[in-house]
Amino acid sequence: MNALQAGAGTADAGQTRPVGRSGRPRVVIVGAGFGGLMAAKTLADAKADVTIVDKRNYHLFQPLLYQVATAALSPAQIAAPIRSILRDQSNVTVRLGRVSGVDAAAKQVELGSERLSYDWLILATGARHAYFGHDEWEAFAPGLKKIEDATAIRRRILMAFEEAENMAAGAERSRLLNFVIVGGGPTGVEMAGAIAELAKRALASDFRAIDPRLARIILVEAGPRLLPPFDPSLSEEARRSLEQLGVEVRLGVGVTECGGEGVSVGVERIESRTIVWAAGVKASPAGAWLGAETDRAGRVKVQLDLSVPGHPDIFVIGDVAHATGGDGRPLPGVAPVAKQQGLYVADILIARACAKPASPFKYRDFGSLATIGRKRAVAQLGRLKLSGFLAWILWSCAHIYFLIGFRNRLAVVMNWAWNYVTFQRGTRLITGISGSRVDDMEKPVDQTPPVPMRDVA
Ligand SMILES: Cc1cc2nc3c(=O)[nH]c(=O)nc-3n(C[C@H](O)[C@H](O)[C@H](O)COP(=O)(O)OP(=O)(O)OC[C@H]3O[C@@H](n4cnc5c(N)ncnc54)[C@H](O)[C@@H]3O)c2cc1C
């Protein structure tokens, strides 16, 4: 039995064991993403008062966001309420709110006008996309991080086809039917493949004035190959598979200009009304809250036990942390890193409380997966390299397994099966339209006042 499990009063060597008002240590976790949630779950049996704070009331499965953006899944299928996930953990309190700072000297987290006291703090606030110093591009080239981003991109993609249908052939119609994805990492590759299948299969017969199959989908990557973390042979396989789906791949060219009518890449100008940004990340401002050293992406440089130098009671994990692997290189911003770090930090708190020395965090890399369209993927599992349908089966199983909630898993499997057989997309809804010609369509033509329901015979 350890001190967190034993509760207050257990001896503590070397470090003063913090004790809250209830007589138990208070652990505050900021962020209920992959890292924070894993830490909270691991502390389930600990005699500690755990408070998890998130600015959203749901945990989001970001790896499937691109499927919401391309009308394959609906938002509720890839998200689960944090309260319901942690419902059975009586030692956890969930707080909805945006943390705006940390007072490390007072050991308090700033949550609106309130101050949350902690004995141990875990910051797991993730990252957002970055525009390499061109934040003004965001208005024209949204990135994919939140559900709102995904539904906004879905709206842009579907509206582009609708507007093209209403337009005479010409430069503007072509511009509407050009889709540019910037960034050839897993998200860019997955987006490009999904938009290509949407245009060339799901929408193919639905329009009369335009032929959606003629849409151009252009994937731009500044580096020499797609999927840089994968073996070059799989990068090449991904490029080939995308080209078979009709995607134009541009390698070794960076975006130099981005606006409402298109992008400039190298010497080429690509006219487009729909640009999706899938390049670069910027960490959330946890480093600024702590005044801690950060890397170029704003990630906090943590120690081997993931604590912040000078603050043994504060841990930073997941996408907002800069931790290094065995080869001295920074660990990638992926879900398994965040989850393993959440597990490790929760264990370390339990170990610290009974004065056990903790061994440094060590990431176990089980491999990487990326999908291309609805039945192809690439997978790298140690030395094993897979591509094609088998890799896609593996990708599908892994995503279903890690998705939270039986209902979500079932709904996603059914959607994929339907999509696989019919090529159709179940969630082709255009929502949140404003400031477009569709507004006029929505105005009622008949201005007769509506008849109250009770008057209808
Ligand atoms: C489109 C996309 C696709 C991806 N695909 C894959 C993939 O296929 N495989 C893979 O392994 N990884 C993938 N990733 C990366 C993976 O999702 C991240 O590495 C992982 O989510 C990091 O977990 P985290 O806990 O650090 O942060 P997150 O999961 O981002 O969670 C951070 C949480 O903190 C909350 N938060 C942030 N700021 C505050 C604040 N000030 N106050 C309160 N709460 C706050 C947020 O609301 C959020 O819930 C993808 C990411 C994206 C965006």
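Up top you'll find the structure we're talking about.
Residues numbered from 1 in each chain as written. Predicted model: local features only at pLDDT ≥ 70, side-chain atom pairs only at ≥ 80, totals over all residues. Heavy atoms only, no water.

**Student:** Would you mind showing me how to read empty space enclosed by the protein here?
**Tutor:** The method is simple in principle: a probe with the dimensions of a water molecule rolls over the atoms, and the space it marks as empty is what remains. On inspection of all chains with the given rule, the structure shows three cavities of 30 Å³ or more. Counted as a void, the largest cavity has a volume near 160 Å³. In terms of lining residues, the largest cavity is bounded by 16 residues, among which Y66, Q67, G373, R374 and N419 are the most central. If you list the elements that add at least two residues to the lining of the largest cavity, you get α3 (65-69), α7 (186-202), α11 (389-402) and α12 (406-422). Its residues assigned to classes, the lining of the largest cavity shows seven nonpolar, five polar and four charged. The volume enclosed by the second largest cavity comes to roughly 50 Å³. Residue lining of the second largest cavity: R299, G318, D319, A321, H322, A323, L331, P332, G333, V337 and Q341, and that is the complete set. Within the lining of the second largest cavity, the residues separate by chemical class into five nonpolar, four polar and two charged. (1 Å grid on protein atoms, 1.4 Å probe; cavity = no way out; pocket = protein on both sides within 12 Å on 5 of 7 lines; lining within 4 Å. Points joined across faces, edges and corners; volume = space filled by probe spheres on them. Helix = DSSP H or I, 4+ residues; strand = E, 2+ residues; numbered from the N terminus. Nonpolar A, V, L, I, M, F, W, Y, C, P; charged D, E, K, R; others polar.)

**Student:** Got a minute to help me understand the site of the ligand in this structure?
**Tutor:** If you check the shell around the ligand, you find 28 residues, and the closest are G35, D54, Q62, V99 and D319. One of the backbone nitrogen or oxygen atoms of K55 is found 3.1 Å away from a nitrogen atom of the ligand. At 3.1 Å, a backbone N or O of G333 approaches an oxygen atom of the ligand. When the ligand sits alone it has 1000 Å² of accessible area, and the protein chains cover 90% of it. (Near = heavy atom within 4 Å. Polar contact = N/O pair within 3.5 Å; in protein donor to acceptor, adjacent residues only side chain to side chain. Areas by Shrake-Rupley, 256 points an atom, 1.4 Å probe, with all protein chains shown as cover.)

**Student:** Can you help me understand the pairing of strand β25 (residues 384-388) in this one?
**Tutor:** In this sheet, β25 lies alongside strand β24 (residues 376-381) in antiparallel orientation, the contact comprising five bridges. For Q380, the partnering residue across the bridge sits in β25 and is K385. Where β24 folds back on β25, the antiparallel hairpin that results is connected by two residues, among which G382 adopts a positive phi of roughly 60°. (Pairing = 2+ DSSP bridges.)

**Student:** Explain the pattern of salt bridges here, please?
**Tutor:** Per the stated rule, a full pass over the model turns up 24 salt bridges. In this structure, R213 and D211 form a salt bridge, with 3.1 Å as the shortest nitrogen-oxygen distance. With relative accessibility at 46%, the residue R213 sits in the partly exposed group. For the salt bridge of E248 with R250, the shortest nitrogen-to-oxygen distance reads 3.2 Å. You can call R250 buried: its relative accessible area is 18%. The network of salt bridges with shared partners includes E172, R175, E257, E261, R269, E271 and R273. (Salt bridge = Lys/Arg side-chain N within 4 Å of Asp/Glu carboxyl O. Buried < 20%, exposed > 50% of the residue type's maximum accessible area, 1.4 Å probe, protein only.)

**Student:** Sorry if this is basic, but what is going on with the sheet that holds strand β14 (residues 255-259) here?
**Tutor:** Picture the strands of a sheet paired through backbone hydrogen bonds; they go either parallel or antiparallel. Pairing is antiparallel in the open sheet, where three strands are placed in the order β14-β15-β16. Two strands close off the open sheet at either side, each with one partner strand: β14 and β16 (268-271). Between one strand axis and the next, the sheet turns through 15° on average, direction left out of account. Note: strand β15 (residues 262-265) against β16, four bridges, orientation antiparallel. In the strand pairing of β16, V263 is matched with I270. (Axes fitted to C-alpha atoms, helices over the stretch in contact; angles between N-to-C directions.)

**Student:** When you look at the environment of L111 in this model, what are you seeing that I'm missing?
**Tutor:** Secondary-structure assignment places L111 in strand β7 (residues 108-111). Taking the C-alpha atoms as reference, L111 lies 9.5 Å from R95; in sequence the two are 16 residues apart. In this structure, L111 is in contact with V53, R95, G97, R98, V99 and L116, ignoring residues within four places of it in sequence. (Contact = heavy atoms within 4.5 Å.)

**Student:** Honestly, a nonpolar patch on the surface in this entry has me stumped. Any pointers?
**Tutor:** Among the surface-exposed residues, F406, L410 and M414 lie close enough to one another that they form a single nonpolar patch of about 360 Å² accessible area. Checked against the element boundaries, F406 lands in helix α12. (Patch = residues over 30% accessible without salt bridge, like charges linked within 9 Å, V, L, I, M, F, W, Y side chains within 5 Å.)

**Student:** What's the story with the sheet that holds strand β11 (residues 178-182) in this structure? I'm lost.
**Tutor:** Judged by pairing direction, the sheet is parallel, and its four strands sit side by side in the order β13-β12-β11-β17 without closing on themselves. Among the strands making up the open sheet, the edge pair consists of β13 (247-251) and β17 (274-277). For this sheet, the mean inter-axis angle between neighbouring strands, taken without regard to orientation, is 20°. Taken together, the five bridges between β11 and strand β12 (residues 216-221) define a ladder with parallel strand orientation. What sits directly across from V180, in β12, is I218. Packing of α7 onto the sheet brings it into contact with β11, β12, β13 and β17, and relative to β12 it is tilted by some 175°. Set on the sheet, helix α8 (residues 232-244) makes contact with β12 and β13; between it and β13 the angle comes to about 145°.

**Student:** Is there a simple way to think about α12 in this case?
**Tutor:** Two residues of an α-helix separated by three or four positions point the same way, owing to the 3.6 residues in each turn. The terminal C-alpha atoms of α12 lie 24 Å apart, and with 17 residues this matches the ideal 24 Å at 1.5 Å per residue to within 8%. Those residues of α12 hidden inside the fold are in contact with α3, β4 (79-81) and α11. Positive phi appears at F423, one or two residues downstream of α12, with a value of about 70°. (Expected span 1.5 Å × (residues − 1).)

**Student:** Can you walk me through the pairing of β17 in this structure?
**Tutor:** Across a regular strand the side chains alternate sides, sitting on one face of the sheet and then on the other. Residues T274 and V276 point to one face of β17 and I275 and W277 to the other, with burial holding for every one of them. Pairing between β11 and β17: four bridges, direction parallel. The residue of β17 that forms the bridge with F179 is T274.

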